[in-house]
Amino acid sequence: MTSRLSRLAVALVATAGATLGVTVANPAPASAAMTICYNTSQAGSYAGTANQAASIWNNATVNLTLSANCGSNLRIYQITGGGSYAVRTSLGNGRVYIDTQQAAQYSPLRIMTHEIGHILGLPDNYNGNCAILMSGGSAGTGCTNPYPSTAEANRVSNLFAGTFSATDRSADIFRDSWPAALAPVS
Ligand SMILES: [Zn+2]
């Protein structure tokens, strides 16, 4: 009886020590940048384009890092017909679909960075300005600029700094029309 109690006491002490060790080894993390793991296993011929777009966003922003094939916050798909689009399930999470027919007409890299921009919290801004990434196809087939403007990049950085707005965090589907019809003047 004494021996069983002793063994129990030893086991309890060991458990307490292990728990304490875990606690010490894992202090509360600082406000770390979000890593967005993107998966290109379904991206077909656009896997390389996705990598280029990730580099563009990583270079232009802070507070987030797009990283290849470490998980599946963001899945990239190649589709044919129906138009490219993005499905944001929450900020930094979702799916991007690249339409081969559109990508044959417009810059595939601009389409890719634009659609990923939706996942990163940006809405469309169809103003026809090629310097604005989120103007998408409204800037015409001749526009191959794949870079977000400074304002667009800063907005993403701020979103990931935690200053979210309810709209930008929300789940949404962005069905892009390239070319997009210009918004009617009202
Ligand atoms: Zn769009």
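Described below are features of the structure shown in this document.

Rules used throughout
Residues numbered from 1 in each chain as written. Predicted model: local features only at pLDDT ≥ 70, side-chain atom pairs only at ≥ 80, totals over all residues. Heavy atoms only, no water. Pairing = 2+ DSSP bridges. Helix = DSSP H or I, 4+ residues; strand = E, 2+ residues; numbered from the N terminus. Axes fitted to C-alpha atoms, helices over the stretch in contact; angles between N-to-C directions. Contact = heavy atoms within 4.5 Å. Phe/Tyr/Trp six-rings, centres within 6.5 Å; stacked < 30°, edge-to-face > 60°. Lys NZ or Arg CZ within 6 Å of the ring centre and 35° of its normal. Core = buried A, V, L, I, M, F, W, Y, C linked by side-chain atoms within 4.5 Å. Buried < 20%, exposed > 50% of the residue type's maximum accessible area, 1.4 Å probe, protein only. Polar contact = N/O pair within 3.5 Å; in protein donor to acceptor, adjacent residues only side chain to side chain. Disulfide = S-S within 2.5 Å.

With respect to topology, six strands assemble into an open sheet ordered β2-β1-β3-β5-β4-β6, the strand pairing being mixed. Across the chains shown, the open sheet's two edge strands, defined by having one partner strand only, are β2 (64-68) and β6 (172-175). Taken over all neighbouring pairs, the strand axes of this sheet differ in orientation by 15° on average, direction set aside. With four bridges joining them, strand β4 (residues 85-90) and β6 adopt antiparallel strand pairing. In the sheet register, Arg88 faces β6, and the bridge partner there is Asp172. Packed onto the sheet, helix α2 (residues 47-60) meets β1 (34-42), β2 and β3 (74-79) and runs at close to 160° relative to β2.

What follows is about the packing of aromatic side chains. Per the counting criterion, the structure on display carries two aromatic pairs. When the centroid spacing of 4.4 Å and the interplanar angle of 10° are considered together, the rings of Tyr85 and Tyr97 count as stacked. One end of the pair, Tyr85, is in strand β4; the other, Tyr97, is in strand β5 (residues 93-99), with 12 residues separating them in the sequence. Through successive ring pairs, a cluster of aromatic residues spans Tyr77, Tyr85 and Tyr97. It is Arg175 that lies over the ring of Tyr85; its NZ or CZ is 3.9 Å from the centre.

With that out of the way, let us pick up the environment of Met112. Relative to the assigned elements, Met112 resides in helix α4 (residues 108-119). In this structure the C-alpha to C-alpha distance between Met112 and Ala50, which are 62 residues apart in sequence, comes to 6.5 Å. Sequence-distant contacts of Met112, defined by excluding residues within four places in its chain, comprise Tyr46, Thr49, Ala50, Ala53, Ile76, Val96 and Ile98.

With that out of the way, let us pick up the nonpolar core. Formed by 31 residues in total, the largest nonpolar core has its most connected members in Leu74, Val96, Met112 and Ile116. At the level of elements, β1, α2, β2, β3, β5, α4 and α5 (150-160) are the ones that each hand at least two residues to this core.

Take the pairing of β3 next. Looking at chain direction, β1 and β3 are connected through three bridges and run parallel. Looking across to β3, one finds that Gln42 is bridged to Tyr77. As defined by bridge partners, β3 adjoins β5 across six bridges and the pair is classed as parallel. Within the sheet, the bridge partner assigned to Leu74 lies in β5 and is Gly94.

For Ser107, the location among the structural elements is in the loop between α3 (100-103) and α4. Side-chain polar atoms of Ser107 contact the backbone nitrogen of Arg110, separated by 3.1 Å. Ignoring sequence-local partners within four residues, the contact set of Ser107 consists of Cys143 and Thr144.

On to the state of the cysteines. Applying the stated rule across the entire model yields two disulfides. Note on cysteine connectivity: Cys37 is disulfide-linked to Cys70, with sulfurs 2.0 Å apart. Torsion about the S-S bond of the Cys37 and Cys70 cystine: about -105°, corresponding to left-handed handedness. Taken together, the residues span a long stretch of sequence, with Cys37 in strand β1 and Cys70 in the loop between β2 and β3 at a distance of 33 residues. Judged by its relative accessible area of 10%, Cys37 is buried. Look at Cys70 and you get partly exposed, because its relative accessible area is 44%. Note that Cys130 is cross-linked by a disulfide to Cys143, the S-S spacing being 2.0 Å. Because the torsion about its S-S bond is 85°, the bridge between Cys130 and Cys143 counts as right-handed. Taken as a pair, Cys130 in the loop between α4 and α5 and Cys143 in the loop between α4 and α5 lie far apart in primary sequence, 13 residues in all. Take Cys143: its relative accessible area is 4%, and that puts it in the buried class.

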